[in-house]
Amino acid sequence: MDPSAEKKLTGLIAATFTPFTAQGEVNLEEIGPYIDYLTEKQGVNGIFVNGTTGESMSLSVAERKLLAEEWCQKAKGKLDQVIVHVGCLSLKEAKELAAHAAQVGADAIAAMAPFFFKPRTAGALRSFLQEVASAAPTLPFFYYHIPAVTGVTVPARDLLEGIQELIPSFRGVKFSGTDLMDFGQCISSSPPHWSFLYGVDEQLLAGLVMGADGAVGSTYNYAGCHFNQLMSALKDGHVDQARKIQFKMQQVLSYAMKLGFDVGVNKQLMNELSGLNLGAPRLPVTPCPPDAAGLIVKKYHQIFTDC
Ligand SMILES: CC(=O)N[C@@H]([C@@H](O)[C@H](O)[C@H](O)CO)[C@@H](O)CC(=O)C(=O)O
């Protein structure tokens, strides 16, 4: 792999929801229309599948393989990049999913830290990730840093120490954390061919100014067109315009959080805003309370006009 010849991951990447049937089984039928919605309505051309928003830790290994294969198949000719999340509590399963992602044509893989037996040091986490990446040595590998969910508080900056020698396929971090000093130190200490994808949508502007190459997030599924406008405004030096869009999204999300914003509410928001039928979440995530999504959609339309 000649790193300098590879395409960096950039722009908005939607962390996809996993479609379920009314019986709570994986529903592959929705994936084609879902991809068309992302590209045609939101201008989003990259996806991060089986992540947090995709309820990966509520899926079996077999279901994750089915989904990875279907997303990759249906993305052909339509999306620029498909990143498959392969992180598991079990190293064996993570390696199995990494090898499978390479077989089905993923553009890259990512793995979060295991969070039952948590790695206590950066070294232990590096060794775990090295094992996972070794199962798909030709695929660009990203560390998925999401400390608020995993409880693994090893600074991403410490993890990066010497990681390229250990993992030749290592290509960057998907940083779903609010510690912008850690994020900045990752970026300022890394080689130019790595990609840094920011994962806190309500603070995207700060992540971009800090040097993020792109972003992975759940709200890009249904508000990607607005965030594309934010990114273009920033690129053209219209910081005030970019700020206005970020503040609008913060208003929507702060309202949503007061109503109990979680994957269940977020998934119902996506159903109502996109018209797709992605179903309900799988336990232990509970379905969206009856009127919560409707209230948030109403607030969203009060704040945002359609793209
Ligand atoms: C904790 C969490 O789910 N964070 C989301 C954000 O996109 C989040 O939904 C958004 O910032 C709204 O809070 C992403 O970082 C998660 C993600 O990328 C994924 O689903 O894999």
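Since the model is a prediction, treat every value here as computed from it, not as a measurement. (Residues numbered from 1 in each chain as written. Predicted model: local features only at pLDDT ≥ 70, side-chain atom pairs only at ≥ 80, totals over all residues. Heavy atoms only, no water.)

> Sorry if this is basic, but what is going on with the environment of Thr21 here?
Take Thr21: it is sitting in the loop between β1 (11-15) and α1 (31-41). On a C-alpha basis, the gap between Thr21 and Phe183 in space is 38 Å, while along the polypeptide they are 162 residues apart. Residues in contact with Thr21, not counting those within four places in the same chain, are Val26 and Asn27. (Helix = DSSP H or I, 4+ residues; strand = E, 2+ residues; numbered from the N terminus. Contact = heavy atoms within 4.5 Å.)

> Please explain the packing of aromatic side chains as it appears in this structure.
The description of an aromatic ring pair rests on the distance of the ring centres and on the angle between the ring planes. One pass over the full model with this rule turns up 11 aromatic pairs. A connected cluster of aromatic rings, assembled from ring pairs, spans Phe175, Phe183, Phe196 and Tyr198. Here the basic side chain of Lys174 rests over the ring of Phe48, its NZ or CZ set 3.5 Å away from the ring centre. A cation over a ring is seen here: Lys174 above Tyr144, with NZ or CZ 3.3 Å from the ring centre. (Phe/Tyr/Trp six-rings, centres within 6.5 Å; stacked < 30°, edge-to-face > 60°. Lys NZ or Arg CZ within 6 Å of the ring centre and 35° of its normal.)

> I'm lost on the UniProt feature "active site" (unreviewed entry) in the protein chain in this one. Help?
Under the UniProt annotation, "active site" (unreviewed entry) lies at Tyr144 and Lys174. These residues run over 31 residues, yet every pair of their C-alpha atoms falls within 4.8 Å of each other. Lining the largest pocket, from this annotated set, are Tyr144 and Lys174. When you line up the elements, Tyr144 lands in strand β5 (residues 141-145). Owing to a relative accessible area of 3%, Tyr144 belongs among the buried residues under this scheme. In contact with Tyr144, not counting residues within four places along its chain, are Phe48, Thr52, His85, Ala110, Ala111, Met112, Ala113, Lys174 and Ser176. For Lys174, the location among the structural elements is in strand β6 (residues 170-175). Each residue touching Lys174, except ones within four places of it in the same chain, is listed here: Phe48, Tyr143, Tyr144, His145, Leu197 and Val216. (UniProt positions renumbered as here; feature names shortened; annotations may be inferred. 1 Å grid on protein atoms, 1.4 Å probe; cavity = no way out; pocket = protein on both sides within 12 Å on 5 of 7 lines; lining within 4 Å. Buried < 20%, exposed > 50% of the residue type's maximum accessible area, 1.4 Å probe, protein only.)

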